[in-house]
Amino acid sequence: MPVRPAASAAMPAATASAAPNPVAATSAQSTLSSLIPLPSPGVALVVPAGTVLWLACDASSMAERLSDDEIADRLPDGWTLDGDEIVRVYEFDDYLEGVAFASEVGELAEEEFHHPEIRIRYEEVEVRFTSHEAGGVTEQDIELAELCDGLR
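All residue numbers refer to positions counted from 1 along the written sequence of the respective chain. In keeping with the predicted nature of the model, local features appear solely for residues at pLDDT of at least 70, side-chain atom pairs appear and are counted solely at 80 or more, and the whole-chain, interface and lining totals rest on all residues. Just so you know, side-chain values use all the structure's heavy atoms and leave hydrogens and water out.

Visitor: Would you mind going over the environment of Ser 131 with me for this structure?
Guide: Secondary structure follows DSSP: runs of H or I at least 4 residues long count as helices, runs of E at least 2 residues long count as strands, and numbering of each begins at the N terminus. Mapped onto the elements, Ser 131 comes out in the loop between strand S4 (124-129) and helix H4 (139-150). Placed 66 residues apart in sequence, Ser 131 and Arg 65 show a C-alpha to C-alpha distance of 7.9 Å. Any two residues whose heavy atoms approach within 4.5 Å at even a single point are treated as in contact. Beyond its immediate chain neighbours, meaning those up to four positions away, Ser 131 contacts His 114, Gly 136, Thr 138 and Asp 141.

Listed below in structure tokens is the structure:
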């Protein structure tokens with residue numbers, strides 16, 4: 001039998017559940033969304049241990065995939081389209097310079113809550129952006145490519 005966490009002022013008893021299946025927790029899900037404003041992407045929501053949360057995003061807030069023509073029009077210099085990703089290889093004089101750049105890209109990605117694939121080689125760093133939830137390249141990918149270029 002599941003153990004339910006104790007209710008607190010921050011988490012009313014109706015919203016705390018350790019339901020074994022999603023069907024049983026449907027009412028808790030709707031109760032939760034009406035009692036607690038959901039955080040923005042990248043913001044932590046702290047809840048008691050054992051609490052089950054269903055966080056859904058509104059389809060209207062999902063980024064739309066850009067067409068190949070839109071990507072070609074907006075793609076910053078040095079970037080190319082490779083399948084459903086945009087890619088750029090940055091060149092460096094030495095390995096540690098590339099590692100430092102990759103770290104800066106990682107910090108930027110964390111701030112924007114949109115994480116690229118980064119490959120570090122001896123004198124180059126490859127950065128790849130895509131939006132998996134949209135099934136390809138979105139405006140956010142283009143914007144982050146521009147921000148990466150600004151780090152150079």
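Visitor: Whenever I open this one, the nonpolar core confuses me. Can you help?
Guide: Definition used in this section: a nonpolar core is a set of buried Ala, Val, Leu, Ile, Met, Phe, Trp, Tyr and Cys residues joined via side-chain atoms within 4.5 Å. Type-normalised accessible area, obtained with a 1.4 Å probe on protein chains alone, sets the label of each residue: buried when under 20%, exposed when over 50%, and partly exposed for intermediate values. Core analysis: the biggest nonpolar cluster contains 19 residues, and Trp 79, Ile 86, Tyr 90, Phe 101, Val 127, Phe 129 and Cys 148 have the highest contact counts within it. Looking at this core, the elements that each hand over two or more residues are strand S2 (85-91), helix H3 (95-112), S4 and H4. Residue contacts for Tyr 90: discarding those within four places in its chain leaves Trp 79, Phe 101, Glu 123, Glu 124, Val 125, Val 127, Ala 145, Cys 148, Asp 149 and Arg 152.

Visitor: Help me understand the sheet that holds strand S3 (residues 117-120) in this model?
Guide: Sheet strands pair by backbone hydrogen bonding; their relative direction is either parallel or antiparallel. Spatially, four strands are ordered S1-S2-S4-S3 in an open sheet, and the strand pairing comes out antiparallel. On the outer flanks of this sheet lie strand S1 (80-82) and S3, each paired with one strand and no other. For this sheet, the mean inter-axis angle between neighbouring strands, taken without regard to orientation, is 25°. When DSSP finds two or more bridges between two strands, those strands count as paired. Pairing of S1 with S2, which is carried by three bridges, proceeds in the antiparallel orientation. Following the sheet pairing, Leu 81 is matched in S2 by Ile 86. Each of S2, S3 and S4 touches H3; the most contacted strand, S3, lies at about 170° to it. Along the sheet, H4 makes contact with S2 and S4, crossing S2 at roughly 5°. Orientation is described by axes fitted as lines to C-alpha atoms, over the contacting stretch for helices, and by angles from 0 to 180 degrees between their N-to-C directions.

Visitor: Help me out: how do you make sense of H3 in this one?
Guide: Each turn of an α-helix holds 3.6 residues, which means side chains three or four residues apart point in the same direction. End to end, H3 covers 26 Å across 18 residues, agreeing with the expected 26 Å (1.5 Å per residue, within 8%). Looking at the buried residues of H3, the elements they touch are S2, S3, S4 and H4. Multiply 1.5 Å by the residue count of a helix minus one, and that product is the helix's expected span.

Visitor: Looking at this structure, I do not really get a negative patch on the surface. What am I missing?
Guide: For patches, a residue must show more than 30% relative accessible area and have no salt bridge; joins then use 9 Å for like charges and 5 Å for nonpolar side chains, namely Val, Leu, Ile, Met, Phe, Trp and Tyr. Only the protein chains shown count as covering a residue, and every accessible area follows the Shrake-Rupley method with a 1.4 Å probe. What counts as a salt bridge is simple: a side-chain nitrogen of Lys or Arg found within 4 Å of a carboxyl oxygen of Asp or Glu. When charges are counted, Lys and Arg contribute as positive and Asp and Glu as negative, whereas His and the chain ends are disregarded. Taken as the charge location is NZ of Lys, CZ of Arg, CG of Asp or CD of Glu. A contiguous patch of negative charge on the surface is contributed by Glu 104, Glu 107, Glu 110, Glu 111, Glu 112, Glu 143 and Glu 146. Mapped onto the negative patch, the elements with two or more residues apiece are H3 and H4. In this structure, Glu 143 sits in helix H4. By relative accessible area, Glu 143 is classed as partly exposed at 42%.

Visitor: For this particular structure, what's the right way to read the pattern of salt bridges?
Guide: Enumeration according to the criterion identifies nine salt bridges in this entry. For the salt bridge of Asp 82 with Arg 128, the shortest nitrogen-to-oxygen distance reads 3.0 Å. Taken together, the positions of Asp 82 in strand S1 and Arg 128 in strand S4 put the pair 46 residues apart, joining distant regions of the chain. Judged by relative accessible area, Asp 82 falls into the partly exposed class, the value being 38%.

Visitor: When you look at the side chain of His 114 in this model, what are you seeing that I'm missing?
Guide: Relative to the elements of secondary structure, His 114 occurs in the loop between H3 and S3. The exposure class assigned to His 114 is buried, which follows from its relative accessible area of 7%. N or O atoms within 3.5 Å of each other form a polar contact, as long as, within protein, one can give a hydrogen and the other can take it, and as long as residues adjacent in sequence are counted only when both atoms are side-chain atoms. Looking at His 114, its side chain comes within polar contact range of the side chain of Gln 140, at 3.4 Å.

Visitor: Help me understand the side chain of Arg 128 in this model?
Guide: Owing to a relative accessible area of 11%, Arg 128 belongs among the buried residues under this scheme. There is a polar contact of 3.1 Å between the side chain of Arg 128 and the side chain of Glu 126. Apart from residues lying up to four places away in sequence, Arg 128 is in contact with Asp 82, Glu 85, Ile 86, Val 87, Pro 116, Glu 117 and Arg 119.

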